[in-house]
Amino acid sequence: MIKPQSLKRPLFLMGLPGCGKSTLGRALRSIGFEFTDLDEAVELRCGLSVADVIQRNGIDHFRRLEASELQRLINSDKPQIIACGGGTPCHADNMERMNRAGLTVRLECCRERLVRRLAEAGGVRPMFADIAADNEAIDRKISELRADREPYYSQAAASFDSSLLETREEIDATVAKFISRFGVK
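In this report, the structure presented in the accompanying data block is examined.

## Observations regarding the overall build of the protein chain
When you go through the protein chain residue by residue, the secondary structure sums to eight helices and five strands. Ordered by position from N to C terminus, the α and β elements of the protein chain give β-α-β-α-α-α-β-α-β-α-α-β-α. Scaling as 2.2 N^0.38, a compact globule of 185 residues should have a C-alpha radius of gyration of about 16 Å, and the protein chain matches this with 16 Å. Its C-alpha atoms put the protein chain at 45 × 35 × 30 Å along the principal axes. Going through the 185 residues of the protein chain one by one, you find that 46% of them count as buried.

## Structural notes on the packing of aromatic side chains
Overall, the coordinates contain three aromatic pairs when judged by the stated rule. Where F160 meets F178, the ring centres are 5.1 Å apart and the plane angle is 90 degrees; that geometry is what we call edge-to-face. Of this pair, F160 sits in strand β5 (residues 158-161) while F178 is found in helix α8 (residues 168-182), placing the two residues 18 residues apart along the sequence. Assigned by exposure class, F160 and F178 land together as buried. Three or more aromatic residues joined by ring pairs form one cluster here, namely F160, F178 and F182.

## Some points on the nonpolar core
Counting residues in hydrophobic clusters, the biggest one holds 44 residues, and the most contacted among them are L24, V105 and F178. At five residues, α8 tops the list of elements feeding residues into this core. Membership of the second largest hydrophobic core comes to five residues, among which are V50, V53, F62 and L65.

## Here's the deal with the sheet that holds strand β3 (residues 81-83)
Strand order in the open sheet made by the five strands is β2-β3-β1-β4-β5, with parallel pairing throughout. Each having just a single partner strand, β2 (35-37) and β5 make up the two edges of the open sheet. Taken over all neighbouring pairs, the strand axes of this sheet differ in orientation by 25 degrees on average, direction set aside.

## Considerations on unusual backbone geometry
Positive phi values are uncommon outside glycine, yet A92 reaches one of about 50 degrees. The residue A92 is located in the loop between β3 and α5 (94-101) in this model. For A92, a relative accessible area of 69% translates into the label exposed.

## Digging into the pattern of salt bridges
For side chains bearing opposite charge, pairing can occur when the charged atoms are close. Applying the stated criterion across every chain yields a total of 15 salt bridges. Of the charged contacts, one joins R116 and E120 as a salt bridge, the two residues approaching to 3.6 Å between their closest N and O atoms. In this pair, R116 and E120 both sit in helix α6 (residues 111-120), four residues apart, roughly one turn of the helix. Members of the salt-bridge network, linked through shared partners, are R113, R117, E166 and E170.

## Some thoughts on the state of the cysteines
Under the definition given, this model contains zero disulfides. Of the cysteine sulfurs around C109, a residue in no disulfide, the closest is that of C110, at 4.9 Å.

## A look at the pairing of β5
Judged by which residues are buried, β5 turns out to be one-sided: A158 and F160 face inward and are buried, whereas S159 and D161, on the alternate face, are not. Bridge count between strand β4 (residues 103-108) and β5: four bridges; the pairing is parallel. Within β5, the position partnered with L107 by the bridge is F160.

## Considerations on helix α1 (residues 21-30)
Taken together, the buried positions of α1 are occupied by K21, L24, G25, A27 and L28. In a view along the axis of α1, the buried residues occupy a sector of 160 degrees, so they form one face of it. Buried residues along α1 sit against β1 (11-14), β2, β3, β4, β5 and α8. Immediately downstream of α1, the backbone of G32 shows phi near 115 degrees, a positive value.

Basis of the calculations
- Residues numbered from 1 in each chain as written.
- Predicted model: local features only at pLDDT ≥ 70, side-chain atom pairs only at ≥ 80, totals over all residues.
- Heavy atoms only, no water.
- Helix = DSSP H or I, 4+ residues; strand = E, 2+ residues; numbered from the N terminus.
- Rg over C-alpha atoms; globule rule 2.2 N^0.38 Å.
- Buried < 20%, exposed > 50% of the residue type's maximum accessible area, 1.4 Å probe, protein only.
- Phe/Tyr/Trp six-rings, centres within 6.5 Å; stacked < 30°, edge-to-face > 60°.
- Core = buried A, V, L, I, M, F, W, Y, C linked by side-chain atoms within 4.5 Å.
- Pairing = 2+ DSSP bridges.
- Axes fitted to C-alpha atoms, helices over the stretch in contact; angles between N-to-C directions.
- Salt bridge = Lys/Arg side-chain N within 4 Å of Asp/Glu carboxyl O.
- Disulfide = S-S within 2.5 Å.
- Arc of directions from axis to C-beta.
- Contact = heavy atoms within 4.5 Å.

Here it is as structure tokens:
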């Protein structure tokens with residue numbers, strides 16, 4: 001069994017929507033690591049879904065809440081894995097703060113699986129709600145996001161392939177590779 005206390009500082013999972021940040025983080029939590037999904041932390045704080053926060057108060061308000069919640073998690077000084085929203089690194093000085101506080105890991109997923117994951121999520125993801133049934137539109141949106149976010153994502157300390165997270169066997173194998181790669185034992 002892996003000892004959760006072996007994580008010495010925060011580990012931030014970042015990447016495009018659908019790349020598997022929450023899936024990988026929850027799998028790591030299931031074996032004993034502390035894990036926080038930043039979007040869920042914002043929702044808990046507000047009592048509203050991310051989509052509702054954005055709809056009611058706008059994206060800028062959501063980004064301020066997100067940055068505040070990120071700072072709260074960093075200040076907690078608790079070794080944990082934090083799944084950031086796809087845009088988290090691109091706003092305020094979040095990327096710089098994450099790099100100072102812990103290890104930033106960019107999750108990379110093959111395009112085919114990324115498109116399929118986003119299509120299967122349907123309207124759950126606000127950014128893809130209007131195009132969830134159109135794989136070509138999803139692919140175009142992914143290209144736009146990747147281009148816009150690359151200057152921030154490229155500042156991650158490491159990258160990791162998160163393409164294989166669909167089945168229990170894939171998740172288990174990916175978790176084992178992640179733990180081995182990042183030395184969290």
